[in-house]
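Tertiary structure, described
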Amino acid sequence: MARERPLLAPAPVDGPYCRNCGAQADVFYCPVCGQETRIELPTVRHFLAEFAEQTFALQGQLWRTLHSLLFKPGELTLEYVAGRRQRYVRPLRLYLALSILFFAVLGIAAGPDFLELNADDQAELDKARAEIKADRAAVTVAETPPPPVPEAKDAQPAPPPGFSRGDMNIDTGHPEFDQRIKARIESLLALPADEMSARILDTFTAWAPVAMFFLMPLFAAMLKLGYLGRGANYAVHLLFAVNFHSFIFLALLITQLPGVNALGDLLGFIIPIYLWFALRHVHGGTGYGTAVFVFLVLTIYAVALGLVMAASTFVPLALL
């Protein structure tokens, strides 16, 4: 039985209704879903016009968002709260795009020189490698264990099970887990410098974006505590945190451009100043009080960020 040929024509409607969602739409665009109401058979000209319209609209939206993010600290937060949202890229979409782009660029640009060790760090690394080689060379397989040695009365108690090498101590209370971490770290340290750097970079770029994303609620919670009674709920502070982190990733991306690398050394000054302007723009307050608050927030956040970044880099290396 032959299959009935479909009708290649716009779906018929009875009255001023949207063909996409069925809502009443007596204007050029549906007030519910936004689709155009004057539907005709597609043409090449229609495709090109639609592409140009969407492209330039998105570009205008993007450049307007990036301009506000860079040069108007706090403006995106105020605009979103005020309801002017369609003219800008949505906050989470902007953050995800910038963070993913930054870590992708970092993974390409850093290469084998991701770990830049000074002379002292290199000496410590060489010492650790020598200890690992000595430990492995001293391992022998005995058929029978040596007889137990009686403990002297004044002997020191045996150290708790764990892993210790140099200044690094690992003792989770689970000897098997400690030994597993020990084996992973020793294997990593025994690798050539370029291969070790590549593995650490791959792990960092894979897990650091996740760690940064889950740190934003902590940043928003600190803002909430600092601005109690100002009329902003936690969601507004979280929105501010998302926009602030988007600025950080955008600034980091800019420093990856050729000829702009020197700006990376200034980010330690630019970021606190930007946060100071953004907080005063959104929440007001005195300049001195905001400066003290910025110092406290960034100090606590830097410690938390360092711990989370270290954990997101080295814990996967030890466990995978």
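Calculation notes
Residues numbered from 1 in each chain as written. Predicted model: local features only at pLDDT ≥ 70, side-chain atom pairs only at ≥ 80, totals over all residues. Heavy atoms only, no water. Helix = DSSP H or I, 4+ residues; strand = E, 2+ residues; numbered from the N terminus. Contact = heavy atoms within 4.5 Å. 1 Å grid on protein atoms, 1.4 Å probe; cavity = no way out; pocket = protein on both sides within 12 Å on 5 of 7 lines; lining within 4 Å. Points joined across faces, edges and corners; volume = space filled by probe spheres on them. Nonpolar A, V, L, I, M, F, W, Y, C, P; charged D, E, K, R; others polar. Core = buried A, V, L, I, M, F, W, Y, C linked by side-chain atoms within 4.5 Å. Buried < 20%, exposed > 50% of the residue type's maximum accessible area, 1.4 Å probe, protein only. Phe/Tyr/Trp six-rings, centres within 6.5 Å; stacked < 30°, edge-to-face > 60°. Lys NZ or Arg CZ within 6 Å of the ring centre and 35° of its normal. Salt bridge = Lys/Arg side-chain N within 4 Å of Asp/Glu carboxyl O. pLDDT = per-residue confidence, 0-100.

1. What to know about the environment of L70
- Positionally, L70 belongs in helix α1 (residues 44-71).
- Taking the C-alpha atoms as reference points, L70 and A251, separated by 181 residues in sequence, lie 8.3 Å from one another.
- The residues touching L70, leaving out its near neighbours within four places in the chain, are F247, L250, I254 and Y274.

2. Details of empty space enclosed by the protein
- One pass over the structure, following the stated rule, counts 2 cavities of 30 Å³ or more.
- What the largest cavity holds in volume is close to 80 Å³.
- Lining the largest cavity we find L76, E79, Y80, R84, R85, Y88, V89, R90, P91, L94, L239 and N243.
- Mapped by element, the contributors of at least two residues to the lining of the largest cavity are α2 (75-82), α3 (91-110) and α7 (234-255).
- Of the residues forming the lining of the largest cavity, the biggest block, 3 residues, is contributed by α2.
- Among the residues making up the lining of the largest cavity, the classes are represented as 7 nonpolar, 1 polar and 4 charged.
- Of the voids in this model, the second largest cavity is the one considered here, and its volume is about 70 Å³.
- Looking at the second largest cavity, the residues that line it are S68, L69, K72, G74, E75, L76, T77, F240, N243, F244, Y274 and A278.
- Where the lining of the second largest cavity is concerned, the elements lending two or more residues are α1, α2, α7 and α8 (267-283).
- Residue composition of the lining of the second largest cavity, by class: 6 nonpolar, 4 polar and 2 charged.

3. Side note on the nonpolar core
- With 44 residues, the main nonpolar core has L69, F219, F240, F244, L275 and L279 as its most contacted residues.
- The element contributing the most residues to this core is α7, with 10 residues.
- Once you skip the residues sitting within four places of it in the chain, L279 turns out to touch L223, Y227, F240, G284, T290, F293 and V294.

4. So, the packing of aromatic side chains
- In the structure shown here, the tally under the stated rule is 12 aromatic pairs.
- Look at F102 and F103: their rings are 5.1 Å apart centre to centre, the planes differ by 65°, and that puts the pair in the edge-to-face class. Taken as a pair, F102 and F103 share a single burial class, namely buried.
- Ring centres 5.8 Å apart and planes at 45° place the aromatic pair F102 and F249 in the tilted group. Of this pair, F102 sits in helix α3 while F249 sits in helix α7, and the two are 147 residues apart along the sequence.
- Assessed through its relative accessible area of 8%, F102 is described here as buried.
- A network of ring pairs unites the aromatic residues Y95, F102, F103, F213, F214 and F249 as a single cluster.
- Positioned above the aromatic ring of Y80, the side-chain terminus of R85 is 4.0 Å from the ring centre.

5. Topic: the pattern of salt bridges
- One pass over the structure, following the stated rule, counts 2 salt bridges.
- A salt bridge links R84 to E79; its shortest N-O distance comes to 2.9 Å.
- Overall, the relative accessible area of 7% leaves E79 in the buried class.
- With a closest N to O distance of 3.8 Å, R87 and E79 form a salt bridge.
- When its relative accessible area of 40% is taken as the criterion, R87 is described as partly exposed.

6. Let's talk about the confidence of the model for the protein
- Put simply, the protein has an average pLDDT of 75, and 58% of its residues get 70 or more.
- Counting contacts from residues 140-144, a segment whose pLDDT is below 50, to residues more than four positions away or on other chains yields 0 contacts.
- Low confidence marks residues 152-167, where pLDDT is under 50. Its contacts with residues over four positions away, or in another chain, come to 21 contacts.

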